[in-house]
Amino acid sequence: MQYPSSIGAIALAAGLTMAAAAQAFDDVKYPDWKGLWFRSVAGAPRFDTSKPRGLPQQAPLKPEFQKLYEASLADQAAGGQGNHTVYRCLPWGMPAMMNGYGTGIEFVVLPNVTYMLVDDGNDSVRRIFTDGRGFPDDFEPTFTGYSIGKWVDSDGDGKYDVLEVETRLLKGPRVYDNTGLMLHPDNNSIIHERIYLNKTNPNILHDEITVTDDALTRPWSVLKSYNRDPNPQPYWREDVCAEGNTHVYIGGENYMLSADGHLMPAKKGQQPPDLRYFNRTKQ
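Treat the numbers as computed from the prediction; the structure is a model and nothing was measured. Along each chain, residues carry numbers from 1 onward, in the same order as the chain's sequence is written. In keeping with the model being predicted, local features are shown solely for residues with a pLDDT of at least 70 and side-chain atom pairs are shown and tallied solely at 80 or more, while totals for entire chains, interfaces and linings include all residues. The side-chain figures draw on all heavy atoms in the structure; neither hydrogens nor water molecules are used.

Draft legend 1. Representation of the overall build of the chain within the structure. The secondary structure content of the chain amounts to 2 helices and 12 strands. Numbering goes from the N terminus for both helices and strands, where a helix is a DSSP run of H or I of at least four residues and a strand is a run of E of at least two. Ordered by position in the sequence, the α and β elements of the chain form the string α-β-α-β-β-β-β-β-β-β-β-β-β-β. The buried share of the chain, taken over its 283 residues, is 38%. On the chain, roughly 16,200 Å² of surface is accessible, and the fraction owed to carbon and sulfur atoms is 55%. Only protein chains enter the calculation, and the probe is 1.4 Å; a residue is then buried if its accessible area is under 20% of its type maximum, exposed if over 50%, and partly exposed in between. Note that accessible areas follow from Shrake-Rupley with a 1.4 Å probe, and for residues the cover is restricted to the protein chains shown.

Okay, here's the thing in structure tokens:
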């Protein structure tokens, strides 16, 4: 007879805890970022949305990384993938996951953490901790990194309107977009953001991003903007990278799976992979 009463006590305690947490979280103090957000600039995703993709991005790269980028673009022009890695279903990570890919971004604002949900087949959840913690000493680096945020009341009206974020502890390889514009492989990137709603249109969200990275001659700052889907019940798409992916990566080379199910070269003159472990019948 003690079991039902114990369970009831636990349930009551849990309910009171949840109620207390709900009361403690005064969401009126926080901006309304609900809904589904899509990038506001048309065309293929890129880091600096004010400029075309490729060399016109004018990334402040050190000479050796400028050469690597030009080689990546040349390889892609010949049918390869260059330094682009996401075609193999690796995550975009930071900062490229903020480019706003096809499925959009959802923000979930809670008192101690803000979640960014990105269903792009490679990325899923980003957490921005706003509970006053510092960066950990024993954290295993991830593609999204570790993000510490602080809410700011920039206009003194008693409500938060800006989320300031610093992201560190990243791993790679990471690129700014699928042209193969890469970050330094030492992964010592530091990414600062200021995220806020447009003052005159609350259905536009801005993200000021500044990347400090050892492949750059100086910090690289851009402004990204997103539009809120007007549908109060938006369609939440699912994007699974591995589904229908025809890329086959073998021995440092990318091949393609043809429509008839055979391995084929991705570039003109590309040599086949090593078939030493396959039995080959003489014709």
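Draft legend 2. Quick look at the confidence of the model for the chain. Confidence in the prediction for the chain averages 88 pLDDT; 89% of positions are at 70 or higher. Below pLDDT 50 for its whole length, residues 1-5 participates in 0 contacts with residues either more than four positions away or in separate chains. pLDDT measures the predictor's confidence residue by residue and takes values from 0 up to 100. Should any heavy atoms of two residues lie within 4.5 Å, those residues are considered in contact.

Draft legend 3. Summary view of the packing of aromatic side chains. To pair, rings of Phe, Tyr and Trp, with the six-membered ring standing in for Trp, must have centres within 6.5 Å; the planes then decide the type, stacked if under 30 degrees apart, edge-to-face if over 60, and tilted in the middle. Within the structure shown, the criterion is met by 12 aromatic pairs. Taking 4.6 Å as the distance between ring centres and 15° as the angle between the ring planes, the aromatic pair formed by Trp 92 and Tyr 101 counts as stacked. By relative accessible area, Tyr 101 is classed as buried at 10%. In this structure an aromatic cluster arises from ring pairing among Tyr 30, Trp 33, Phe 107, Trp 151 and Tyr 160. We note Arg 168 situated over the ring of Phe 135; from NZ or CZ to the ring centre the distance is 5.7 Å. Think of it as a cone above the ring: NZ of Lys or CZ of Arg counts as a charge over the ring if it is within 6 Å of the ring centre and within 35 degrees of the ring normal.

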